[in-house]
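# Coordinate analysis (summary)
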Protein chains: 4
Amino acid sequence: MLSSEEGHQYRAVVKEGDLVVIYIDDKRKKLVRVRRGDIFNSDKGYVRHDELIGIEIGDKVRLSTGKYAYVLNPLLTDIIDSYKRVTQVIYPKDIGLMIVLTGIGPGSKVLEGGVGTGYLTSFLANIVGDEGKVYAYELRREFIEVAKRNLSKSGLLSRVILKLGDIRKDVTEKNLDAAFLDIPDPWNALGILPKVLKPSSPVVAFLPTVNQVIKLISKLKSTRGFIDIRVFETQLREYNVDPEALRPKPIYVVHTGYMVFFRVVKK
Amino acid sequence: MLSSEEGHQYRAVVKEGDLVVIYIDDKRKKLVRVRRGDIFNSDKGYVRHDELIGIEIGDKVRLSTGKYAYVLNPLLTDIIDSYKRVTQVIYPKDIGLMIVLTGIGPGSKVLEGGVGTGYLTSFLANIVGDEGKVYAYELRREFIEVAKRNLSKSGLLSRVILKLGDIRKDVTEKNLDAAFLDIPDPWNALGILPKVLKPSSPVVAFLPTVNQVIKLISKLKSTRGFIDIRVFETQLREYNVDPEALRPKPIYVVHTGYMVFFRVVKK
Amino acid sequence: MLSSEEGHQYRAVVKEGDLVVIYIDDKRKKLVRVRRGDIFNSDKGYVRHDELIGIEIGDKVRLSTGKYAYVLNPLLTDIIDSYKRVTQVIYPKDIGLMIVLTGIGPGSKVLEGGVGTGYLTSFLANIVGDEGKVYAYELRREFIEVAKRNLSKSGLLSRVILKLGDIRKDVTEKNLDAAFLDIPDPWNALGILPKVLKPSSPVVAFLPTVNQVIKLISKLKSTRGFIDIRVFETQLREYNVDPEALRPKPIYVVHTGYMVFFRVVKK
Amino acid sequence: MLSSEEGHQYRAVVKEGDLVVIYIDDKRKKLVRVRRGDIFNSDKGYVRHDELIGIEIGDKVRLSTGKYAYVLNPLLTDIIDSYKRVTQVIYPKDIGLMIVLTGIGPGSKVLEGGVGTGYLTSFLANIVGDEGKVYAYELRREFIEVAKRNLSKSGLLSRVILKLGDIRKDVTEKNLDAAFLDIPDPWNALGILPKVLKPSSPVVAFLPTVNQVIKLISKLKSTRGFIDIRVFETQLREYNVDPEALRPKPIYVVHTGYMVFFRVVKK
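Residues numbered from 1 in each chain as written. Chains lettered and ligands numbered in written order. Predicted model: local features only at pLDDT ≥ 70, side-chain atom pairs only at ≥ 80, totals over all residues.

### Some points on the overall build of chain A
The following threshold applies: Secondary structure elements are taken from DSSP: a helix is a run of H or I of four residues or more, a strand is a run of E of two residues or more, and numbering for both begins at the N terminus. Whether a residue is buried, exposed or partly exposed follows from its count of other C-beta atoms within 10 Å of its own C-beta, namely 20 or more, 12 or fewer, or something in between, respectively; the C-beta atoms are built from the backbone.
Helix and strand counts for chain A stand at 7 helices and 15 strands. Every one of the 267 residues in chain A was classed for burial, and the buried ones make up 53%.

### So, the sheet that holds strand 1 (residues 19-25) of chain C
All names here are of chain C. Put simply, the rule is: Two strands pair if DSSP finds at least two bridges between them. For helices, the fitted line uses only the C-alpha atoms of the stretch in contact; every axis is such a line through C-alpha atoms, and the angle between N-to-C directions lies from 0 to 180 degrees.
Taken in spatial order, the 4 strands make up an open sheet running 2-1-6-5, and their pairing is antiparallel. Since the sheet does not close on itself, it has two edges, and those belong to strand 2 (28-33) and strand 5 (60-62), each with one partner. Strand-to-strand, the axes of this sheet are offset by a mean angle of 30°, without reference to chain direction. Relative to strand 6 (residues 68-72), strand 5 runs antiparallel, the two sharing 3 bridges.

### Things to note about the interface of chain A and chain B
Note the cut-off: Placing C-beta atoms from the backbone, we regard two residues as in contact once those atoms come within 7 Å. Three categories are distinguished: nonpolar for Ala, Val, Leu, Ile, Met, Phe, Trp, Tyr, Cys and Pro, charged for Asp, Glu, Lys and Arg, and polar for the others, with Gly belonging to the last.
On the chain B side, the residues contacting the 63 residues of chain A number 64 residues. A per-element tally of the side of chain A that touches chain B places strand 12 (residues 226-240) of chain A first, with 13 residues. Among the residues making up the side of chain A that touches chain B, the classes are represented as 33 nonpolar, 16 polar and 14 charged.

### Topic: unusual backbone geometry
Positive phi is not limited to glycine here, since Asn175(A) has a value of about 60°. Topologically, Asn175(A) is positioned in the loop between strand 9 (160-164) and strand 10 (178-181). Even without being a glycine, Asp228(C) presents a positive backbone phi close to 60°. Relative to the assigned elements, Asp228(C) resides in strand 12 (residues 226-240). Taking the number of C-beta atoms within 10 Å as the measure of exposure, Asp228(C) has 21 and is therefore buried.

### As for the relation of the copies chain A and chain B
Heads up, the condition is: The superposition of copies rests on a least-squares fit of C-alpha positions from residues with pLDDT of 70 or more in both.
Aligned on chain B, chain A shows an RMSD of 0.0 Å; the corresponding rotation is 180° and the shift along the axis is 0.0 Å. These values place the two chain copies in the arrangement generated by a two-fold rotation axis. Minimal C-alpha distance to the rotation axis in chain A is attained by Gly96(A), lying at 1.8 Å. With an isologous cut-off of 70% or more, the 100% of interface residues of chain A that recur at the interface of chain B puts this contact in the isologous class.

### Some thoughts on the environment of Ser64(C)
All names here are of chain C. Secondary-structure assignment places Ser-64 in the loop between strand 5 and strand 6. On the basis of neighbour count, Ser-64 is assigned to the partly exposed category, with 13 C-beta atoms found within 10 Å. With 20 residues separating them along the chain, Ser-64 and Lys-44 place their C-alpha atoms 8.3 Å apart.

### A short note on helix 7 (residues 210-222) of chain D
The following threshold applies: Expected span, for any helix, means 1.5 Å times one less than how many residues it has.
Between its terminal C-alpha atoms helix 7 of chain D stretches 18 Å, which fits the 18 Å expected from 13 residues at 1.5 Å a residue. Listing the buried residues of helix 7 of chain D in full gives Val210(D), Gln212(D), Val213(D), Ile214(D), Leu216(D), Ile217(D) and Leu220(D). Elements that come into contact with the buried residues of helix 7 of chain D comprise strand 13 (247-248) of chain A, helix 7 (210-222) of chain B together with strand 11 (202-207), strand 12 (226-240) and strand 15 (258-264) of chain D.

### Here's the deal with the packing of helix 4 (residues 119-128) of chain A against helix 5 (residues 141-153) of chain A
Residues and elements named next belong to chain A. The test is simple: Just so you know how the angles are binned, under 35 degrees is roughly parallel, over 145 roughly antiparallel, 65 to 115 roughly perpendicular, and the rest oblique. Take the far helix as your reference; a near helix turned counterclockwise from it by less than a right angle gives a left-handed crossing, and one turned clockwise gives a right-handed crossing.
Relative orientation of the contacting elements helix 4 and helix 5 amounts to 40°, with a least axis distance of 10 Å. Overall, the two elements helix 4 and helix 5 adopt an arrangement that is oblique. Read as a crossing pair, helix 4 and helix 5 show a hand that is right-handed. Within the contact between the two elements, helix 4 uses Thr-121, Ser-122 and Ala-125 and helix 5 uses Ala-147, Asn-150 and Leu-151.

### What about the sheet that holds strand 5 (residues 60-62) of chain B?
The pairing of strands in a sheet happens through backbone hydrogen bonds and is either parallel or antiparallel. Residue and element names in this part refer to chain B. One open sheet accounts for 4 strands, arranged 2-1-6-5; its pairing is antiparallel. Strands with a single pairing partner mark the edges of an open sheet, and in this sheet they are strand 2 (28-33) and strand 5. For this sheet, the mean inter-axis angle between neighbouring strands, taken without regard to orientation, is 30°. Here 6 bridges tie strand 1 (residues 19-25) to strand 2, and the two strands are oriented antiparallel to one another. Looking across to strand 2, one finds that Val-21 is bridged to Leu-31.

### Comments concerning the pairing of strand 6 (residues 68-72) of chain A
Residue and element names in this part refer to chain A. With 4 of 5 residues buried, strand 6 is to be regarded as a mostly interior element. When strand 1 (residues 19-25) meets strand 6, the two strands line up antiparallel, connected through 3 bridges. Opposite Tyr-23, over in strand 6, you have Tyr-70 as the bridge partner. Hairpin connection from strand 5 (residues 60-62) to strand 6: 5 residues lie between these consecutive antiparallel strands, with Gly-66 at a positive phi of about 95°.

### Description of helix 5 (residues 141-153) of chain B
Residue and element names in this part refer to chain B. Stated formally: Summarising the geometry, the arc corresponds to the directions from the helix axis toward the C-beta atoms.
With 13 residues, helix 5 should cover 18 Å at 1.5 Å per step; its first-to-last C-alpha distance of 19 Å lies within 8% of that length. Listed in full, the buried residues belonging to helix 5 are Ala-147, Asn-150, Leu-151 and Lys-153. With its buried residues spanning 150° around the axis, helix 5 presents them on a single face. Counted as exposed and oriented over 90 degrees from the buried face of helix 5: Arg-141, Glu-142 and Glu-145.

Here it is in structure tokens:
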């Protein structure tokens, strides 16, 4: 699925340098880079990485205590969830809806404003594939470095053009298929969108507060060239996986942000 | 993005036979196949399709009343939402989460059980791209035909192998990357999954009732070879797009179904 | 529970003039005033009111078709739900929280602004009892009449002082225990509250849009004498009552309004 | 409102022994019993209780640092939230709906099963008033003592008959108006309800898991004498009170339990 040697590409047998998930139980699940000489430790026992090498993915390995652990191929979320994060508000529940609403897929060329640590960037890069590209703008140099490391870990860096710059004015690309804005003032980026996107392309802005939503839709409605405006919010509930006592987890994330969708047309 | 002549591929200029969206306002937005001699009618006026041909996507066209309409490239959801549906419970909010949780992308080979009219199938086909494939099983012959027409309309049919058969026992594929089950009794399909999926691959079952969730997780927990079980439910709120009076739409879909995620390992 | 002959007071045996609920099944449940000579009709058969008189509450009565119906004492909600409504946004889910947050009870004297058809008024009147009082202000004379009829039907009219007037300036009461504001511009009523309420008393304003919430909390925070400001929103899900297929009803009311709670202190 | 000297009765001037709320800001709000010689301490300064005595409710008092604090009459929730709790799942959002659905009010005689620390009991006692009564059954002697102390603190003890006993078989009361069941197996209490409640009276059972809901509604539907069965769930969102950045609090309680409502009729 990925051309790179890194990341979440499937391998049938564990090799030195691979990323794998060691799964003991739901509370003990960890992403590990396999390195000869290293030891995987847990409160249920340890195992030498040397013993992992050559194991078939999906097989069990025996811990020092006699307990077993499964060796799994990492899913994209396993790797992305391991990112060192400085900030983070967009969640999988939101990203999934963004992908579906904009209809991006293999080959799509997309614009992203506000890279942060590359969380959304990674999901977009996974979807656009080797034929597509994510043009990702970020103002703060330190985030560019973090995002680079994170994307590298996921094996997705080759699909992303990370740019230190201001999405409100510095974008030079043309004919992109969609835009994703995770910046505090997307209303200041409206002017550049028609120059960058193919006519009629979709945009989604992610905004934590209702004040920002009001400001953005007010600007969109009073400016020519923006239509099909919609505002969404997703909520996710996760359940305790107990067939004798099924119930939602009592305390959970109930708010990340609002999504404003719109399309850019000619004025 | 698509190799086919059909579907949601972007074209800069409207040609005979294209699918376009005619957008007058949020209440008047329609998917149209451009045919010489046809007329697009609305309560805001009509326009001859002949006048649409040659128009640049994103441009306005003048209706008979003097009012204007935008001509848009259809997004994937525009086409899929136009499907003739017989049944439908999975919504974009759910499909987005399924895509993100399983981490499928370009090149993925996936199994789908319960095609129905091809709604979920289309989103999966969009994500796996021309290098990937959706192996889609359906018991009822009449649905196969409907799904075929729908996928053809979206230009995605070449990425889908539609099979008349029982996913509980008839699957012959090997080494698939993920499975999506939209059947009433996924517990009866557990036996076949380890033979079909690469070890450690993810599965998502979509279930409308809590009784089904209880039955499935009970079976998963008592059967060897299924781990990392999680249960989710998404809720979507859409807001009235009025910057002077922002509020959620009062009446909305509040329940579609629950999603049970798990991974298949060796016994 | 009520001093009046009307309303939702419990009676063990049905008499001429009583309000009762005729319950055939969940879809056939109706509030009826028992009048000699009248007939209760349904698609499951009819019964003469004369046959209801003398029946014990909770007993069955035989319909013309041989099917049975239960004769129930109406609960407060049965009567209130039968009100002829012109407008209505506050729902039981909201009213319950308002009652709990303000802590009103028997003997409370409360202010209500924006009576409408008396929906909230009735619930408040039920809680304050014969020792308490609801001072209810309404600007539109026609609503006063509707509310009067509705409160009379519930047997709660004696606990309510309906006033044709502007809650923003016309309130003459003193030493009230709590205020409930269901008006579009509660920020214009802030000036009168300290004169009307006992110091440190609670207020709840009900507001359909986020713009109103922003405006009210902005005014509250910039004006002396208002503290302990909190903003809430409730959501209700109702489930299909099927033990074999338990699931939330798919389409439901997802938004009524926001509640802003605060307390009035000395400046 | 209350006959007792204790609890949440309103007093205009602070006296020795009163319960008051000292409010500095939203994060510093505390219920305090005023005792000569005691000191109220906070990270914003202290104040001697002697200085509180004689202060008018709603007035400010000066802390040692020069900062001010308001002295408030406690609302019922202020006192109840201060209860020493051992267990607790029912929340105000649920209790409010229970009160509205059952229509209880001043003078109501109600049954409660599963007292715990008296949280729900206190809200019920507030609503039924001095003319009403809560008959509250609890199996564990230690909870009876805790509930007694808590109800005493709220000034509501005289309205509650606390009974050490099993609601499934020990109830001796007759002609009650409503029942509230917070026990793990309400299906075992169904037999006693028709003997205890007035015919056609409402019952609400509170249940944390869907398995319990399924079991209860299954029993209710297969047993004669129980009708008008409904299942509800409430969700509460609280917003950050910032007029420049209004948004729901990100992490919150998303699940407490389900409520099953029904009415008891003659068999």
